Amino acid sequence: MSAGTFTPHPGAAPVSRMILAQTALETRMLLRNGEQLLLTVIIPALLLVLFSAVDIIDVGTGRSVDFLAPGILALAVMSTAFTGQAIATGFDRRYGVLKRLGASPLPRWALMAAKTLSVLVTEVLQIALLTVIAFALGWSPHGNPLSVALLILLGTAAFSGLGLLMAGTLRAEATLAAANLVFLLLLVGGGVIVPLDKFPGAVQSVLGLLPISALSDGLREVLQHGAALPWGDAAILAGWAVLGLGAAARLFRWE
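What counts and what doesn't
- Residues numbered from 1 in each chain as written.
- Predicted model: local features only at pLDDT ≥ 70, side-chain atom pairs only at ≥ 80, totals over all residues.
- Heavy atoms only, no water.
- Helix = DSSP H or I, 4+ residues; strand = E, 2+ residues; numbered from the N terminus.
- Expected span 1.5 Å × (residues − 1).
- Buried < 20%, exposed > 50% of the residue type's maximum accessible area, 1.4 Å probe, protein only.
- Axes fitted to C-alpha atoms, helices over the stretch in contact; angles between N-to-C directions.
- Parallel < 35°, antiparallel > 145°, perpendicular 65-115°, else oblique.
- Left-handed = near helix turned anticlockwise from the far one by under 90°.
- Contact = heavy atoms within 4.5 Å.
- Phe/Tyr/Trp six-rings, centres within 6.5 Å; stacked < 30°, edge-to-face > 60°.
- Lys NZ or Arg CZ within 6 Å of the ring centre and 35° of its normal.
- Patch = residues over 30% accessible without salt bridge, like charges linked within 9 Å, V, L, I, M, F, W, Y side chains within 5 Å.
- Areas by Shrake-Rupley, 256 points an atom, 1.4 Å probe, with all protein chains shown as cover.
- Salt bridge = Lys/Arg side-chain N within 4 Å of Asp/Glu carboxyl O.
- 1 Å grid on protein atoms, 1.4 Å probe; cavity = no way out; pocket = protein on both sides within 12 Å on 5 of 7 lines; lining within 4 Å.
- Points joined across faces, edges and corners; volume = space filled by probe spheres on them.
- Core = buried A, V, L, I, M, F, W, Y, C linked by side-chain atoms within 4.5 Å.

Colleague: Honestly, helix α5 (residues 108-136) in this entry has me stumped. Any pointers?
Modeller: Every α-helix carries 3.6 residues per turn, so stepping three or four residues along brings you back to the same face. Taking 1.5 Å per residue, 29 residues should reach 42 Å; α5 reaches 43 Å between its end C-alpha atoms and fits that length. The first or second residue beyond α5 is G138, which carries a positive phi of 100°.

Colleague: So what exactly am I meant to see when it comes to helix α3 (residues 64-94) here?
Modeller: The terminal C-alpha atoms of α3 lie 43 Å apart, and with 31 residues this matches the ideal 45 Å at 1.5 Å per residue to within 8%. For α3, the buried fraction is high: 28 of the 31 residues fall into the buried class. Positive phi appears at G96, one or two residues downstream of α3, with a value of about 85°.

Colleague: What should I look at first to understand the packing of α3 against α5 in this one?
Modeller: Any two packed helices are characterised by how steeply their axes cross, that is the angle between the axes, and by the distance between the axes. Running from N to C, α3 and α5 point in directions that differ by 150°, and their axes come no closer than 10 Å. Judged by the inter-axis angle, α3 sits roughly antiparallel to α5. Seen from above, α3 lies across α5 with right-handed handedness. Two secondary-structure elements touch here, α3 through V65, A69, I72, L73, A76, V77, S79, T80, A81, Q85, T89 and D92 and α5 through K115, T116, V119, T122, E123, Q126, I127, L130 and A134.

Colleague: Help me understand the packing of aromatic side chains, please; the structure alone is not making it clear to me.
Modeller: Geometrically, a pair of aromatic rings is defined through the distance of the ring centres and the angle of the planes. This structure, assessed with the given rule, holds two aromatic pairs. Here F91 and Y95 contribute two aromatic rings whose centre-to-centre distance is 6.0 Å and whose plane-to-plane angle is 35°, an arrangement assigned as tilted. For the pair F135 and W139, a centre-to-centre distance of 5.7 Å together with 35° between the ring planes defines the contact as tilted. W139 sits in the buried class, given a relative accessible area of 7%. When the ring centre of F67 is taken as reference, the NZ or CZ atom of R220 above it lies at 3.8 Å.

Colleague: What exactly am I supposed to notice about a nonpolar patch on the surface here?
Modeller: A surface patch of nonpolar side chains, about 240 Å² in accessible area, is lined by L31, V121 and L125. By the element assignment, V121 lies in helix α5.

Colleague: Could you clarify how one ought to interpret the layout of surface pockets in this entry?
Modeller: Empty space among the atoms can be located by rolling a probe the size of a water molecule over them. Its volume calculated, the largest pocket comes out at about 510 Å³. For the largest pocket, the lining is made up of 23 residues, of which L30, N33, Q36, G84 and A88 are closest to its centre. Looking at the lining of the largest pocket, the elements with two or more residues in it are α1 (15-31), α2 (34-53), α3, α5 and α7 (172-189). A per-element tally of the lining of the largest pocket places α3 first, with eight residues.

Colleague: So what exactly am I meant to see when it comes to the pattern of salt bridges here?
Modeller: Opposite charge on two side chains lets them pair, provided their charged atoms get close. Considering all chains together, one arrives at six salt bridges under this definition. R63 is the partner of D66 in a salt bridge, and the nearest nitrogen-oxygen pair spans 3.4 Å. Judged by its relative accessible area of 42%, R63 is partly exposed. One network of salt bridges, in which partners are shared, links E26, D92 and K115.

Colleague: Help me understand the nonpolar core in this model?
Modeller: Inside soluble globular proteins, nonpolar side chains tend to come together where they are buried. Counting residues in each nonpolar core, the largest one holds 47 residues, and the members touching the most others are L48, L75, M78, L151, F159, L215 and L219. Secondary-structure elements contributing two or more residues to this core are α2, α3, α5, α6 (145-169), α7, α9 (211-223) and α10 (231-251). With 15 residues, α3 is the single largest residue contributor to this core. Apart from the residues within four sequence positions on either side, M78 is in contact with T83, F159, F183, L186 and I212. By size, the runner-up hydrophobic cluster in this structure holds twelve residues, among which are I19, L98, A110 and M112.

Colleague: Mind showing me how you'd approach the environment of G168 here?
Modeller: When you line up the elements, G168 lands in helix α6. Residues G168 and V188, spaced 20 residues apart in sequence, show a C-alpha to C-alpha distance of 26 Å. Contacts of G168, omitting those with residues within four sequence positions, involve R93, L251, F252 and R253.

Structural measurements only, silent on function.
Here's what the structure looks like:
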């Protein structure tokens with residue numbers, strides 16, 4: 001048998017190539033899912049247009065879109081990194097997809113990395129679309145784009161950890177119900193559309209510690225008021241990221 005019988009040389013592809021291939025697959029599956037698109041793209045876009053065009057909620061001085069756009073961007077991050085990822089991963093776990101992938105040459109940590117990269121790709125598309133819509137509505141953002149990017153990355157890490165924790169510990173049906181319920185509750189009480197100062201003082205203190213509130217307020221401080229990086233909000237998001245990702249790594253069940 002000659003040395004060139006096997007071409008290419010047999011063996012697993014480099015881990016980086018496997019991660020990129022899995023990321024592309026995860027992204028295609030997400031974009032083909034009508035329910036996920038409704039949650040991650042259509043609902044945030046409709047909320048932005050509706051509440052910017054119709055004077056329903058008092059957002060203080062200035063235009064409604066300047067207050068709403070940062071909150072809707074935070075909602076888009078939550079819908080993809082938490083709700084969408086929790087539901088998709090939960091059903092992958094139920095149908096044995098994760099178990100089979102875990103037995104493939106793709107390491108388990110690389111599978112989670114691919115899912116995270118898929119979330120980031122989807123968020124880039126979401127943010128681009130919502131930004132175009134907000135500009136059409138008259139939005140005039142301020143602040144440092146690097147501060148915005150850091151807040152979004154911290155928010156993505158926080159919500160991803162919580163989503164994976166839910167998907168890896170609950171049954172798929174329970175994950176579906178819980179993820180959608182949490183999405184609705186945080187939409188109302190997370191400072192996305194209704195300002196936190198509309199809630200009683202004691203409630204404000206609690207709501208302000210939620211990751212959606214920290215991300216909404218942080219983005220609003222930068223994009224609406226032109227502030228520097230809001231370290232308090234960034235610290236809250238970092239704390240949730242460490243807590244969620246650490247718990248998910250410890251408690252996630254692949255079967």
